[in-house]
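# Descriptive structure summary
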Amino acid sequence: MNKYSGYMIDKFKELIAIDSTTGLYEEIQEYLIDECAKLGYKTSCLHKGGVIADMGGEGDSLVIMSHADTIGLMVRHINSDGTLKVTNIGGLHAYCAERECVRINTRKNGIYSGTVQRTHSCTHVTPMHERDALADYDKNIVIVLDEDVSTADDVRRLGIAVGDIVSLEPRCSIVNGYIKSRYIDDKMAIALSLGVMKAMKDERRAPARNVKMIFTMYEEIGHGGSWLPEGTKDIISIDVMCTGPKQTGDEHKVSLVAKDSRFPYHFGMLRELCDCAERNGIDFVIDVLTPSYGTDSDTALAAGHDVRHAALGFGTSATHGYERTHIDGVMETAKLILNYITGK
């Protein structure tokens, strides 16, 4: 798999260049359909948004999910001074959005740029009691447009309206194998999934059972994995895995989740994945992710599907912020997926 690392990085950069805050799925959906077609896989789409790529194979299906939607913001109100009040989509905390450049995706009139700022943006004229106040979308955070506007009517004339979706600039940088960017969650998982699909085709490797890759569009708001194709027996979510003081996750390794904030994952499937990793010399850890971690696999179980479920991914720091992982962890994850689906 190592020879596909460059391909995965290229796909990641292409993916993060596409705005896909939850709700904006059309452009990235078309991208994924095109990429799967280039690799020789047939696809179909969910009515609500999402791409299913059938990798072939016989028997009960294994579904592998990664999500194309990202956290972001939505215009909540147009202020009288021409700034925008916003609300978060999918858990983007205000302190993680502050001072970032953004794109406002309007329904009818294209895209505008702006910056997330404090209402008092200049330290020199900010009242002392406000300098250390927590960032809060309701109290002191606004978007300042890169347009000559000074009233709410000026903004409305541009075609910007309540409900427009806001995406942050990804700011990708790669140094010594460390990948720093927004939206590693979960576009790096999609990039490695495409890498696995390419390796399967290039090396003429067949899945040991029917395998479907599903790229979901609503994971960040909790219903990405709520639908599964008929015949699905097992599911794996590929997602970012957290690092931290009480975590075993490592940016150079693949993490397998034993439990998250909702419930334990299927013990038998976890054992199979661990055995596969050990057989193939893959560097892995087992982790418990609480109190607020969840995946598309959780959603599928909560929706009532009778399936075994698992979750795994590459160790990532600063999740839901300006994230960081390492290509080593990405490659270990890709190797585990490839070997598991080919029965090695």
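Residues numbered from 1 in each chain as written. Predicted model: local features only at pLDDT ≥ 70, side-chain atom pairs only at ≥ 80, totals over all residues. Heavy atoms only, no water.

## Observations regarding the pairing of strand β7 (residues 111–118)
Relative to β7, strand β6 (residues 101–105) runs antiparallel, the two being bridged by five bridges. Looking across to β7, one finds that Cys101 is bridged to Thr115. Between the end of β6 and the start of β7, which pair antiparallel, lie five residues, with Gly110 showing a positive phi angle near 80°. Strand direction decides the pairing type here: β7 and strand β8 (residues 141–145), joined by five bridges, are antiparallel. Paired with Gln117 across the strands is Val142, a residue of β8. (Pairing = 2+ DSSP bridges. Helix = DSSP H or I, 4+ residues; strand = E, 2+ residues; numbered from the N terminus.)

## A few points about the layout of surface pockets
In this approach a probe as big as a water molecule rolls over the atoms, and the regions it shows empty are the leftover space. Volume-wise, the largest pocket comes out at about 730 Å³. Sorting the residues of the lining of the largest pocket by element identifies α3 (94–97) and α8 (296–302) as the ones contributing at least two each. Examining the composition of the lining of the largest pocket, we find that three residues originate from one element, α8, more than from any other. When its residues are assigned to classes, the lining of the largest pocket shows 10 nonpolar, 16 polar and eight charged. A volume near 270 Å³ is recorded for the second largest pocket. Around the second largest pocket, the lining comprises 15 residues; the ones closest to its centre are Glu98, Arg99, Arg118, His120 and Ser121. Taken together, the elements giving at least two residues each to the lining of the second largest pocket come down to β7 and α4 (128–131). Considering each element in turn, the lining of the second largest pocket owes the most residues, four residues, to β7. Grouping the constituent residues of the lining of the second largest pocket by class yields two nonpolar, eight polar and five charged. (1 Å grid on protein atoms, 1.4 Å probe; cavity = no way out; pocket = protein on both sides within 12 Å on 5 of 7 lines; lining within 4 Å. Points joined across faces, edges and corners; volume = space filled by probe spheres on them. Nonpolar A, V, L, I, M, F, W, Y, C, P; charged D, E, K, R; others polar.)

## Side note on helix α2 (residues 26–38)
With 13 residues, α2 extends 19 Å between its outermost C-alpha atoms, agreeing within 8% with the 18 Å of an ideal straight helix rising 1.5 Å per residue. Within α2 the residues assigned to the buried category are Ile28, Gln29, Tyr31, Leu32, Ile33, Glu35 and Cys36. The inward-facing, buried residues of α2 abut α1 (5–16), β1 (42–45), β2 (50–54), α6 (184–202) and β12 (211–216). Positive backbone phi, at 90°, marks Gly40, one or two positions downstream of α2. (Expected span 1.5 Å × (residues − 1). Buried < 20%, exposed > 50% of the residue type's maximum accessible area, 1.4 Å probe, protein only. Contact = heavy atoms within 4.5 Å.)

## Looking at the packing of helix α7 (residues 267–279) against helix α9 (residues 327–341)
α9 packs onto α7 with a crossing angle of 105° between their chain directions and a minimal axis gap of 9 Å. One element, α7, and the other, α9, form an angle in the roughly perpendicular class. Taken together, the residues of α9 that come into contact with α7 (itself represented by Met269, Glu272, Leu273, Cys276 and Ala277) are Leu336, Asn339 and Tyr340. The class makeup of the residues in the contact of α7 with α9 is six nonpolar, one polar and one charged. (Axes fitted to C-alpha atoms, helices over the stretch in contact; angles between N-to-C directions. Parallel < 35°, antiparallel > 145°, perpendicular 65-115°, else oblique.)

## Here we look at unusual backbone geometry
Of note, the amide linkage connecting Asp185 to Asp186 takes the cis form, showing an omega dihedral of 10°. Relative to the helices and strands, Asp186 resides in helix α6. In this model, Thr290 is joined to Pro291 through a cis peptide bond whose omega is 10°. Mapped onto the secondary structure, Pro291 falls in the loop between β16 (284–288) and α8. One non-glycine residue, Asn176, lies in positive phi territory at about 50°. By secondary structure assignment, the location of Asn176 is in the loop between β10 (173–175) and β11 (178–181). The backbone of Arg204 sits at a positive phi, close to 55°, despite the residue not being glycine. Here Arg204 is to be found in the loop between α6 and β12. Note on Arg204: relative accessible area 78%, which makes it exposed.

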